[in-house]
Amino acid sequence: MIPLLCIVLFCVPFVRASLSAALNDTVIHTLNASDCSPYNTRTLWDILSSCGLTLFACTWTAVHPDIPYMDQRVMATTWRRLLLMVVVLIAPEFTITWAAWQFLDARKVAKDFNEYVFGWTLTHGFFASMGGFVLHVNGEPWATLKPDELLGFVRNGSVEMPVITKADIQDRSKGDVLSKCVAILQLVWFLIQLIARYAQKLPVTPLEIDTLGVAALACISYGLWLKKPKDVGRPYIVHWNSKKLASPPDRSTKDEY
């Protein structure tokens, strides 16, 4: 479904550009504008579709949600992603703050684990912070481990150090190159339109200026989340070492995994 959506996003701007001269004067057609040639005007649909496709492509690519709970349904996961996209649109500054906080936290996690065992990267730090490790006790899920909990259990021998490489984590990620390239092409095409209109001293609508600002902020968020795995569906399972301790500390299973 995602590749099909990417192909549609890629083709629409060029089809629209072949049907109308997008670099000419901005005119919204009315019933009294029948004498205007459709080849030297931009309709309201041209402006809305260009801005809408650019915003959708940028926000869809920029959003990197955490791993969903194991009992969370697909519909709930989809709604959560759409909610994050809305937050990117209406509060991009908050999204940048959130992404920066996750970036710093992931870097700290990677540093803490590298003091114990060498080889943890920023990607490992993101994966641990986004709920990437779930503890199983006697074959049953017990809880999603926070990074400090996982490190504490590893140090006292309650669990084995997770053996997962950066390539393994990236393999779990659903962030494909095609969707990223389509988002970049859509943004570049949108920038070319604005620059060309500015060079020809043609008007640019406030909606296009707002779209450019939101897209720029979304790119900053994407840069901070560049090493974060995207759309990971399942966490990595670590098993409790019953030879060390009979059971882990009491904790509600239903609320944590």
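Structural data are supplied above this passage.
Anyway, here's the lowdown on the structure attached to this text. Since we're looking at a predicted model, the values are computed, not measured.

1. Quick notes on the overall build of the chain
Item 1. When its secondary structure is counted, the chain shows nine helices and three strands.
Item 2. Its helices and strands in sequence order give the chain the pattern α-α-α-α-α-β-β-α-α-α-α-β, from N to C terminus.
Item 3. The proportion of buried residues among the 257 residues of the chain is 40%.
Item 4. Put simply, of all contacts in the chain between residues at least 6 apart along the chain, 72% involve residues at least 24 apart.
Item 5. Total accessible area on the chain stands at roughly 14,600 Å², and carbon and sulfur atoms take up 66% of it.

2. Observations regarding a nonpolar patch on the surface
Item 1. A cluster of nonpolar side chains, namely Leu44, Trp45, Leu48 and Leu207, defines an oily patch on the protein surface of about 420 Å² accessible area.
Item 2. Per element, the largest residue contribution to the nonpolar patch is three residues, and it comes from helix H2 (residues 44–62).
Item 3. Among the structural elements, leucine 207 can be located in helix H9 (residues 206–224).

3. Examining helix H5 (residues 122–129)
Item 1. Most of H5 is tucked away, with six of its eight residues classed as buried.
Item 2. Among all positions in H5, only Thr123, His124, Gly125, Phe126, Phe127 and Ala128 are buried.
Item 3. In this fold, the buried residues of H5 make contact with helix H4 (92–114), strand E1 (133–137), helix H6 (147–155), helix H7 (166–172), H9 and strand E3 (236–239).
Item 4. Directly after H5, the chain includes glycine 131, whose backbone phi takes a positive value near 85°.

4. Regarding unusual backbone geometry
Trans peptide bonds make up the majority, and among non-glycine residues the majority have a negative phi.
Item 1. The backbone of lysine 201 shows a phi angle near 60°, a positive value even though the residue is not glycine.
Item 2. Relative to the elements of secondary structure, lysine 201 occurs in the loop between helix H8 (177–199) and H9.
Item 3. Although it is not a glycine, aspartate 231 adopts a positive phi angle of roughly 55°.
Item 4. The topology assignment puts aspartate 231 in the loop between H9 and E3.

5. As for H9
Item 1. Between its first and last C-alpha, H9 extends 28 Å over 19 residues, near the 27 Å set by a 1.5 Å rise per residue.
Item 2. Listed as buried for H9 are Glu208, Thr211, Val214, Ala215, Ala218, Ser221 and Tyr222. Projected down its long axis, H9 carries its buried residues within an arc of 135°, all on one side.

6. With respect to the packing of aromatic side chains
The relative placement of two aromatic rings is captured by the distance of their centres and the angle of their planes.
Item 1. Following the criterion strictly, the structure yields seven aromatic pairs and no others.
Item 2. Each ring, one from phenylalanine 113 and one from tryptophan 120, has its centre 4.0 Å from the other, and the planes form 5°; the classification is stacked. Here the two residues phenylalanine 113 and tryptophan 120 agree in accessibility, since each one is buried.
Item 3. With 6.0 Å between their ring centres and 20° between their planes, tryptophan 120 and phenylalanine 133 make a pair best called stacked. In this pair, tryptophan 120 is assigned in the loop between H4 and H5 and phenylalanine 133 in strand E1, connecting sequence segments 13 residues apart. Note on accessibility: tryptophan 120 and phenylalanine 133 belong to one class, buried.
Item 4. Connected via pairs of aromatic rings, a cluster forms that spans Phe113, Trp120, Phe127, Phe133 and Tyr236.

7. Things to note about the nonpolar core
Nonpolar side chains tend toward joint burial in soluble globular proteins.
Item 1. By size, the foremost hydrophobic cluster in this structure holds 24 residues, and its most contacted members are Trp120, Phe133, Leu135 and Leu150.
Item 2. Elements with a contribution of two residues or more to this core: H4, H5, E1, strand E2 (140–144) and H6.
Item 3. Here the element with the most residues in this core is H6; it accounts for four residues.
Item 4. Listed in part, the eleven residues of the second largest apolar core include Trp60, Ala62, Val63 and Val88.

8. Remarks on the sheet that holds E2
Item 1. Here we have three strands laid out as an open sheet, ordered E2-E1-E3, and mixed in their pairing. Of all strands in the sheet, those with a lone pairing partner are E2 and E3, marking the two edges. Taken pair by pair, the neighbouring strands of this sheet meet at an average axis angle of 40°, ignoring direction.
Item 2. Relative to E2, E1 is paired through four bridges, and the arrangement is antiparallel.

9. Topic: the packing of helix H3 (residues 74–90) against H4
Item 1. Relative to each other, H3 and H4 sit at 115°, their axes nearing to 5 Å. Accordingly, the angle class assigned to the pair H3 and H4 is roughly perpendicular. Contacts between H3 and H4 pair Leu84, Val87, Val88, Leu89 and Ile90 from the former with Pro92, Phe94, Thr95 and Trp98 from the latter.
Item 2. For the contact of H3 with H4, the class distribution of residues is eight nonpolar, one polar and no charged.

About the thresholds
Residues numbered from 1 in each chain as written. Predicted model: local features only at pLDDT ≥ 70, side-chain atom pairs only at ≥ 80, totals over all residues. Heavy atoms only, no water. Helix = DSSP H or I, 4+ residues; strand = E, 2+ residues; numbered from the N terminus. Buried < 20%, exposed > 50% of the residue type's maximum accessible area, 1.4 Å probe, protein only. Contact = heavy atoms within 4.5 Å. Areas by Shrake-Rupley, 256 points an atom, 1.4 Å probe, with all protein chains shown as cover. Patch = residues over 30% accessible without salt bridge, like charges linked within 9 Å, V, L, I, M, F, W, Y side chains within 5 Å. Salt bridge = Lys/Arg side-chain N within 4 Å of Asp/Glu carboxyl O. Expected span 1.5 Å × (residues − 1). Arc of directions from axis to C-beta. Phe/Tyr/Trp six-rings, centres within 6.5 Å; stacked < 30°, edge-to-face > 60°. Core = buried A, V, L, I, M, F, W, Y, C linked by side-chain atoms within 4.5 Å. Pairing = 2+ DSSP bridges. Axes fitted to C-alpha atoms, helices over the stretch in contact; angles between N-to-C directions. Parallel < 35°, antiparallel > 145°, perpendicular 65-115°, else oblique. Nonpolar A, V, L, I, M, F, W, Y, C, P; charged D, E, K, R; others polar.

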